[in-house]
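# Inside the fold
Below, each chain spelled out in residue letters.
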Amino acid sequence: MTPLRVALAGNPNVGKTSLFNELTGARHKVGNYAGVTVETRAGAVVPRLSPTRPITVLDLPGTYSLTPIAEDEAVAFRCLTGAESEPPDVVALVLDAANLARNLYLAVQLLELGRPLVVALNMMDVAAEAGTPVDPDALSRALGVPVVPTVARTGEGMARLVEALGSIEHVPQAISPLRARLLAGDDALPAPPVIEAARWRWLVSAAAAATLELAGPTAEEQAALAAHPAAALTAAAHARVIARYREVDALLAEIGFTAAQRERAPAMSRSAAIDRVLTHRVWGLVIFVGVMATIFSSIFTWAEPLMGAIEALIGWLSEQVGGALGPGVFTDLLTQGVLAGAGNVLVFVPQIALLFLLLGILEDSGYMARAAFLVDRLMARVGLHGRAFVPLLSGYACAIPAILGTRTITDPRDRLATILMIPFMSCSARLPIYVLFISALFPAEERVGPFTVGSLMLVGFYALSTVSALAAGAIWKRTALRGPTPPFVLELPPYRLPRLRNTLLHVYDRTADFVRQAGTVILAVTVVLWVLLSFPRPPDAPDSGRAVAEAVQVDPAADAPEDMSAETASADPKDTSPSDDDSPIIHSIGGRIGKAMEPVLQPMGQDFRMGIAILGSFAAREVMISTLGLVYGIEADDENQTPLRDKLREAREPDGSRRHTPLKGLAAMIFFVYACQCMSTLAVVRRETRSWKWPLVMFVSMSALAYALAVLVYQVGLALGYT
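Notes on the structure follow. Note that the coordinates shown come from a computational prediction; the quantities given were computed from them, not determined experimentally. (Residues numbered from 1 in each chain as written. Predicted model: local features only at pLDDT ≥ 70, side-chain atom pairs only at ≥ 80, totals over all residues. Heavy atoms only, no water.)

## Looking at the sheet that holds strand β6 (residues 147-149)
Filter applied, for reference: Pairing between two strands requires that DSSP report at least two bridges joining them. Only DSSP runs of H or I reaching four residues or more are called helices, and only runs of E reaching two or more are called strands; each is numbered from the N terminus. Whenever a helix is involved, its axis is fitted only over the stretch in contact; in every case the axis is a line through C-alpha atoms, and angles between N-to-C directions fall within 0 to 180 degrees. Here, two residues are considered to be in contact whenever any of their heavy atoms come within 4.5 Å of each other.
Here six strands make up an open sheet; going across it, the order is β2-β3-β1-β4-β5-β6 and the pairing mixed. If you trace the sheet from one side to the other, it starts and ends with β2 (41-44) and β6, each paired once. Neighbour-to-neighbour, the strand axes of the sheet open up by a mean angle of 25 degrees, direction not taken into account. Relative to strand β4 (residues 90-96), strand β1 (residues 4-10) runs parallel, the two sharing five bridges. When the bridges of β4 are listed, valine 6 appears paired with valine 90. The strands touched by helix α1 (residues 16-24) within the sheet are β1, β2, β3 (55-59), β4 and β5 (117-122), with β2 carrying the most contacts at an inclination of about 30 degrees. The sheet strands contacting helix α3 (residues 100-113) are β1, β4 and β5, and the helix crosses β4 at an angle near 165 degrees.

Written out as structure tokens, the structure reads:
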């Protein structure tokens, strides 16, 4: 049986994706702010809800009208009108019962379009709590289509909605009085005989709004439009908009809405009181900075116990594997390659999960939209508006969905500028790198007030990345992407208590993606790097690097220079590392590549070991950690898998001095703040810009900036006497 194709349409932030998840059993991201869905998603209705006929549901991006002004709205328009493929069999229009006055304009346009229509009157619980419930039967009579009350957050009304969708295709829809009035309205520009009236109305409106290129009229339609002056098109479009809003007012009056309910949605009353504080031009910014600082500070401190437990588990597993298999190449592959590589990345899973959890709570509560509103004045100085800040904030989690989120930005130049800004934001892949160097090279217990030095450093790097993104945007908007600052229009959704189940499922899915990447891409790259770092073997130690490491150990108390500090001179002999020439990996293919890179890396304070890690990280930033784990695991032939943080902290040069100093660690972190080391991000930029030009510009400019600033930090630090 051919599946019934249902398009799920509606304004942004009315619960379409929540309803889609309930119908299909999917777990797509749900956010309490506009622009979460930017692509069409398809899913089959679960059999328990549709036992007699398969139903395919298309979750469309939110749109306020059928006159698209941004790419995400154009995606919805193309699907609903069948501009690029077969139109859906049925349209399920999701309306917010707590904000009905805003939603009905799209309902009126869909009635004009003439597709079979079912209304899902969502958020009935919110409307009831506000004391202004909506009568579904009255709304059904007024619209002339079936109306099903739903609460997508809990799954209420899903079975009835599926039943209505499945039956409407077989029941001829009579022309309701409302649709009859819409179709009978005299347009200033009557539709040509060859063009459907509903399609003509859209073309006139799109031509007046200069948004035709988003959906693309045919040559015949363009010729028909060209016969009318621009002023006539504008006048006709305005007349049609006014007529639709009159019908909206008539609908609201017919179902008993008062004037006060039309002017302000009841659900926003409580939110407006909260916003007097949280969107205040001074206190709102102070609170926002405090919230973000608390989030990034807590990531550093709260996850530490779980990180220590995972490190201990990996060490125990490595010891068990080594003891069970005995010495050999295969044992080295498992302990030094698999466990030391992917295992050192998995250590940071607790922090990744905590980041997604805290950001998810901000999104679900509705605070994310307020953040965009707060920084609008700052974004205007850059040449953008506050809407661009929503994808930038999403970039803290991952650059890829953040770049897709720019589809809500209408101006192509503003959208491109935002895309070029997003990779500067410190995504979750950079978080493990920051934590590794901070926890290994800087004092763990020192505090400044209630915060540890490490947590403040982490906050500082996130602040640096944000400021850098804004600076990059300002440069682009004043040079190659120059243009006027657009007006800022953003819907502020009502505050809601985050639904814990959805938030935790989102955290689980995103964390599982990170773990799967560690178990597939990172593991595969790590195994390849293990081979490159292990072969050829050192000529005097063909079976293991252990003999070389033991042969070059010295007694630091006897051989230390006279001016060596007491702390360094008393270092444990096991902490004294072989010289570069005696390192077992220096003879390997990877070691030789690293050595060839070393002259370029020395000005930023890094040696060939860090060069190998930086080279590996261009596949994915997380590979940097697994590569360092490989390098130090092979050099020390460490069967017990000492945590990588301890290895960096304890690593010594042959003269007993620290190999990784705070200054060197700071320079390395500065490099990773700015370097564009994510092939997936570059691929998405290529797809969204439809050109290789901008990904190449992004990669080259960010890599050059990263190197220059890392060198500057290290050289200035040396000149000031830091180490």
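Moving on, there is more to tell.
## Comments concerning the pattern of salt bridges
Rule in force here: Salt bridges, as used here, are contacts in which a Lys or Arg side-chain nitrogen is within 4 Å of a carboxyl oxygen on Asp or Glu. Exposure categories follow from relative accessible area, calculated using a 1.4 Å probe and restricted to protein chains: below 20% of the type maximum is buried, above 50% is exposed, and the middle band is partly exposed.
Under the definition given, this model contains 20 salt bridges. The residue arginine 244 makes a salt bridge to glutamate 112 at a minimum N-O spacing of 2.5 Å. Residue arginine 244 is located in helix α11 (residues 230-254), and its partner glutamate 112 is located in helix α3; the two are separated by 132 residues in the primary sequence. Side by side, arginine 244 and glutamate 112 carry an identical accessibility label, which is buried.

## Some points on the packing of aromatic side chains
Selection criterion: The aromatic pairing rule takes the rings of Phe, Tyr and Trp, using the six-membered ring of Trp, and pairs them if the centres are within 6.5 Å, calling planes under 30 degrees apart stacked, those over 60 edge-to-face and the rest tilted. By the criterion adopted, a ring carries a charge over it if an Arg CZ or a Lys NZ lies within 6 Å of its centre and within 35 degrees of its normal.
The final tally for this structure, using the stated rule, is 13 aromatic pairs. With 5.6 Å between their ring centres and 85 degrees between their planes, phenylalanine 671 and phenylalanine 672 make a pair best called edge-to-face. A connected cluster of aromatic rings, assembled from ring pairs, spans Phe296, Tyr396, Tyr434, Phe461 and Tyr462. Geometry around tyrosine 495 places arginine 370 over its ring, the cationic atom sitting 4.0 Å from the centre.

## Remarks on unusual backbone geometry
The amide bond that connects phenylalanine 535 to the next residue, proline 536, takes the cis arrangement and shows omega of -5 degrees. Checked against the element boundaries, proline 536 lands in the loop between α26 (521-534) and α27 (546-551). In this model, asparagine 13 sits at a positive phi of 65 degrees, which is unusual for a non-glycine residue. With respect to the element layout, asparagine 13 can be found in the loop between β1 and α1. A positive phi angle, close to 60 degrees, is found at methionine 123, a residue other than glycine. Secondary-structure assignment places methionine 123 in the loop between β5 and α4 (124-129). Residue methionine 123 is classed as buried on the basis of its relative accessible area, which comes to 9%.

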